[in-house]
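The lines below spell out each chain.
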Amino acid sequence: MRLLIAEDDKLHRAFVEKVARTTLPDMDMLTMAEDGAAAIQEFNSADYDSVVLDLQMPRMTGVDVAKTIWAKRPSTRILFWSNYTEEAYIRGITKIVPSAAVYGYILKSAPAEQLQLALQGVFVAEQCVIDREVRGVQQRAGDRLLGLSELEYEALLDLCLGLTDKAMAARRNVSLRGAQSRLQHLYQKLGLDKGDIPTGEWGPTYNSRTRAISLALAQGILNADALRKEEENLRIWMARHQN
């Protein structure tokens, strides 16, 4: 086994290295990387079959590192080790996992024994190991009645970027009515249908568009990393389509 560990925090890096050496004594190689870009550089320089990734790192996120690794070698086993259970991170990982890939997701708050089990499960038994709390987020996100569909999630992203209904329709290549229908389904999932919004003598308490953004951030459906990446995608799209 050739293991690459990418973690920017010095204490966390030392901890996971110690647990890995204890749990996987038969490793042929163990290399540490201090950020995402260094992890990619190291991965390209050697034949690694196993990777432990922090999700939030300088220069390149864990999701982007995993996407690059799996694009080059889909059979690579990856264990995500993170503080975060936000839906935005879970969706980001779910979108890039190759079919039949072996991966895991363990929280940094878990005890060393649980990290050992995750390392053994993913890298030795070649079984997917997902923290219970993370699994719950995955199930809610995948529930059509509770979680947002991909179309509704795209509508939320466009909303957070400040796009008008017409711009949303153009970007997603749908009719204006189609874009507005996606927004309405989004509002319903977030409890912002017209009948759900509290009113007073001032009228409706919330503006659906801005309230949707607030709820998405508060509930972890979106985060700063996801919005930064989508902002880049928007700039690319606008450069191609502006007059």
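The structure presented is a predicted model; accordingly, all values stated were derived computationally and were not measured.

K.L.:
Tell me about the overall build of the protein chain, and name the residues and values.
P.N.:
Across its full length, the protein chain holds 11 helices and 8 strands. The principal-axis extent of the C-alpha atoms belonging to the protein chain is close to 65 × 40 × 30 Å. In the protein chain, which comprises 243 residues, the share counted as buried stands at 46%. The long-range fraction of contacts in the protein chain, counting pairs at least 24 apart against all pairs at least 6 apart in sequence, stands at 69%. Surface summary for the protein chain: the accessible area is close to 13,000 Å², and the carbon and sulfur share equals 49%.

K.L.:
Quick one: what's the story with the side chain of R77, residue by residue and with numbers?
P.N.:
Inspection of the secondary structure puts R77 in strand β4 (residues 77-82). Residue R77 is classed as buried on the basis of its relative accessible area of 12%. In this structure, R77 is in contact with M1, D49, S50, V51, V102, V122, F123 and E126, ignoring residues within four places of it in sequence.

K.L.:
Describe the packing of aromatic side chains, naming the residues involved and giving the relevant values.
P.N.:
All told, the structure shown has 7 aromatic pairs when counted by the stated rule. Ring centres 6.1 Å apart and planes at 70° place the aromatic pair W70 and F80 in the edge-to-face group. In this pair, W70 sits in helix α3 (residues 62-72) while F80 sits in strand β4, placing the two residues 10 residues apart along the sequence. Residue W70 is classed as buried on the basis of its relative accessible area, which comes to 3%. The exposure class assigned to F80 is buried, which follows from its relative accessible area of 0%.

K.L.:
Lay out the environment of A212 in plain terms, naming residues and giving numbers.
P.N.:
By the secondary structure assignment, A212 is in helix α10 (residues 208-218). Sequence spacing of A212 and Q138 is 74 residues, and the spatial spacing of their C-alpha atoms is 21 Å. Among residues more than four places away in sequence, those in contact with A212 are L156, L159, Y187, L190 and L192.

What counts and what doesn't
Residues numbered from 1 in each chain as written. Predicted model: local features only at pLDDT ≥ 70, side-chain atom pairs only at ≥ 80, totals over all residues. Heavy atoms only, no water. Helix = DSSP H or I, 4+ residues; strand = E, 2+ residues; numbered from the N terminus. Buried < 20%, exposed > 50% of the residue type's maximum accessible area, 1.4 Å probe, protein only. Contact = heavy atoms within 4.5 Å. Areas by Shrake-Rupley, 256 points an atom, 1.4 Å probe, with all protein chains shown as cover. Phe/Tyr/Trp six-rings, centres within 6.5 Å; stacked < 30°, edge-to-face > 60°.

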